[in-house]
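# Secondary and tertiary structure notes
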Amino acid sequence: MDTLECDVLVIGGGATGLGVVRDAAMRGFRCILVERVDLGQGTTGRFHGLLHSGGRYVISDPRSATECAEESATVKRIAAEAVEDTGGLFVTTPADDPDYADRFLAGARATGVPVQEIPVADALRREPRINPGISRAFEVADASIDAWKLLWANQRSAVEHGARILPYHWVTEVVRDGDRVAGAVCHDNRNERVVRIEAGFTVNAGGIWAGEIADMADCPGVTVVPGKGIMIAMNHRLVNTVVNRCEHPGDGDILVPIRTVCVIGTTDTAADSPDDLDIHSDEVQQMLDSGEVLVPGFRQARALHAWTGSRPLFKDERADPDADTRHMSRGLALVDHLSRDGVSGFLTITGGKLTTYRLMAETVVDAMCAQLGTARACTTADEAMPGSEDGRHYWLGSRLAAQEEAMADDQLVCECELMPRRRLIEAAARRPGMNLDDVRRVLRLGMGPCQGGFCTYRATGILHGLGDAEAPKADALLLQFLQHRWLGLEPILHGDQMRQACLDDWIFQGTLDVEHLPVTPPT
Ligand SMILES: Cc1cc2nc3c(=O)[nH]c(=O)nc-3n(C[C@H](O)[C@H](O)[C@H](O)COP(=O)(O)OP(=O)(O)OC[C@H]3O[C@@H](n4cnc5c(N)ncnc54)[C@H](O)[C@@H]3O)c2cc1C
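Here's what I pulled together on the structure shown here.

### A look at the packing of helix H1 (residues 15-26) against helix H9 (residues 357-372)
One can describe the packing of H1 onto H9 by two numbers: an axis separation of 8 Å at closest approach and a directional angle of 50 degrees. In terms of their interaxial angle, H1 and H9 are classed as oblique. Considering only the axes of H1 and H9, their crossing is right-handed. Residue-level inspection shows Ala-15, Thr-16, Gly-19, Val-20, Asp-23 and Ala-24 of H1 in contact with H9, the latter providing Tyr-357, Met-360, Ala-361, Glu-362, Val-364 and Val-365. When the residues that make up the contact of H1 with H9 are grouped by side-chain class, the tally is eight nonpolar, two polar and two charged.

Have a look at this one:
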């Protein structure tokens, strides 16, 4: 067994955990973060993509509304590269309660969420596809955010401050030394070895799995209810602004433009388990119907991909046990295991939103410093992260502009997402042993309209050519990637997307016979 040592061990490589490790490293602690798979494969990589202005919660959850308003302004500043500053609209459609709009305005004033009413004609000029029957329109500071870019920026910043980030390290045991948590034992899935990490302090940032991790530390009863939601990516940007229905939060009432597509979502139902990712056909129909209310003709666009995620909803034992998950607080939850369980050296931070990840990190690291009796100020809101120093936000044409400059000598691997060969080679050099799902997260391989039909085998060939993957391993990576993509394709197969899937199937089965290739299982 290998043994590592640190001041602070962070469990969980989602937005919250990466925010915590950056914060603690910037305050001068020697930190290690462990994540059981790749970074952002929990809820953070399965969300809707909205950097909330707070508008959505002005009535249903005022505390979250204020937190979102303040934090989204900070995130736009420190993680500019991950943000597309689309702006947002709240519109009253013919299906919405017209009285809600005045309550919405009053709620925004009370919670400090910047909102401005604009003439309906201006809203329709800005977004010509939205429902022409809207009766009121409000401008808000919504934006869209790329969760993976946000994670990597936090990772780079944390590493620059001396932290170690260990993906594919699965915590199997939280180590207790009497009344103190003394670290954890992990299984390193890539190298098939066991690693013991001795830590002065351990922060549980396990999202919906935080209860399981607290159980391992013998601190039972941390109840995190998974609030499952479905989202569907449509094949192009039907809107360029985030468009919300001005109504009590409900299903399918937000359309978010993200990169080359737009995403409708979401539902919110209690799931049986944090790992329940099933998509039901009635949920798909519900999303497409909701899309029609916002954008008439929505169903004629092509649904590209569907996925689900589960919100970590911390259950306040004093709240109504019968309340549905949409009415649980979206606020962050800090669980102090010293006062609650008499266990020192251990804190849990869960709940919240991706938008409030930095505040969650600040809150838990402040609490840790208080327990350790050390005063070290948080500076995460002041310093821009690597890649965002110039404050420039992402813009849709950026990949095209880069491609135009390098046109003559840079071959495209993925036409939908304009992913050049050079970027793949650079990414493979930075992350030896990366699989095709990692390439998807890093470079958006297979996320455009053809869903990997043309680019996947090219990328596999390039990884093989680089000597990174022997032929049977490369074949296995290809097969695994196609199987993972299929999970999100199968629930939405109809119309043009069915034709696309048949073409892709012919390429992979008819031409390459992928299912019968000799493979060695990927690690
Ligand atoms: C459908 C849906 C839509 C959403 N939309 C938005 C939105 O538009 N905007 C917004 O701001 N928020 C949104 N959210 C909320 C937001 O996505 C989450 O609050 C946030 O991503 C949670 O981040 P996290 O780091 O706390 O949890 P996670 O991202 O789940 O991270 C926890 C990590 O812990 C790891 N882990 C678990 N067990 C272990 C172990 N034993 N060992 C090591 N690692 C372990 C997991 O693999 C995981 O990566 C949405 C959520 C859902 C479900």
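### A closer look at unusual backbone geometry
The omega torsion across Gly-265 and Thr-266 is -5 degrees, close enough to zero to call that bond cis. Mapped onto the secondary structure, Thr-266 falls in the loop between strand S16 (261-265) and strand S17 (269-270). Although it is not a glycine, Asp-218 sits at a positive phi angle of roughly 60 degrees. With respect to the helices and strands, the residue Asp-218 is situated in the loop between helix H6 (210-216) and strand S13 (224-234). For Asp-218, a relative accessible area of 55% corresponds to the exposed category.

### Structural notes on helix H13 (residues 455-465)
One turn of an α-helix holds 3.6 residues; hence residues three or four places apart share an orientation. Looking at H13, one finds that the buried residues are Cys-455, Thr-456, Ala-459, Thr-460, Ile-462 and Leu-463. Angularly, the buried residues of H13 cover 165 degrees about the axis, an arc narrow enough to put them on a single face.

### Description of the sheet that holds strand S8 (residues 143-145)
Pairing in this open sheet of three strands is antiparallel, and the strands run S3-S8-S4 from one edge to the other. In the strand order of this sheet, the two ends are held by strand S3 (50-51) and strand S4 (83-84), each with one partner. Judged from the two bridges that link them, S4 and S8 form a sheet pairing that is antiparallel. Bridge pairing in S8 places Glu-84 opposite Ser-144.

The rules behind the values
- Residues numbered from 1 in each chain as written.
- Predicted model: local features only at pLDDT ≥ 70, side-chain atom pairs only at ≥ 80, totals over all residues.
- Heavy atoms only, no water.
- Axes fitted to C-alpha atoms, helices over the stretch in contact; angles between N-to-C directions.
- Helix = DSSP H or I, 4+ residues; strand = E, 2+ residues; numbered from the N terminus.
- Parallel < 35°, antiparallel > 145°, perpendicular 65-115°, else oblique.
- Left-handed = near helix turned anticlockwise from the far one by under 90°.
- Contact = heavy atoms within 4.5 Å.
- Nonpolar A, V, L, I, M, F, W, Y, C, P; charged D, E, K, R; others polar.
- Buried < 20%, exposed > 50% of the residue type's maximum accessible area, 1.4 Å probe, protein only.
- Arc of directions from axis to C-beta.
- Pairing = 2+ DSSP bridges.

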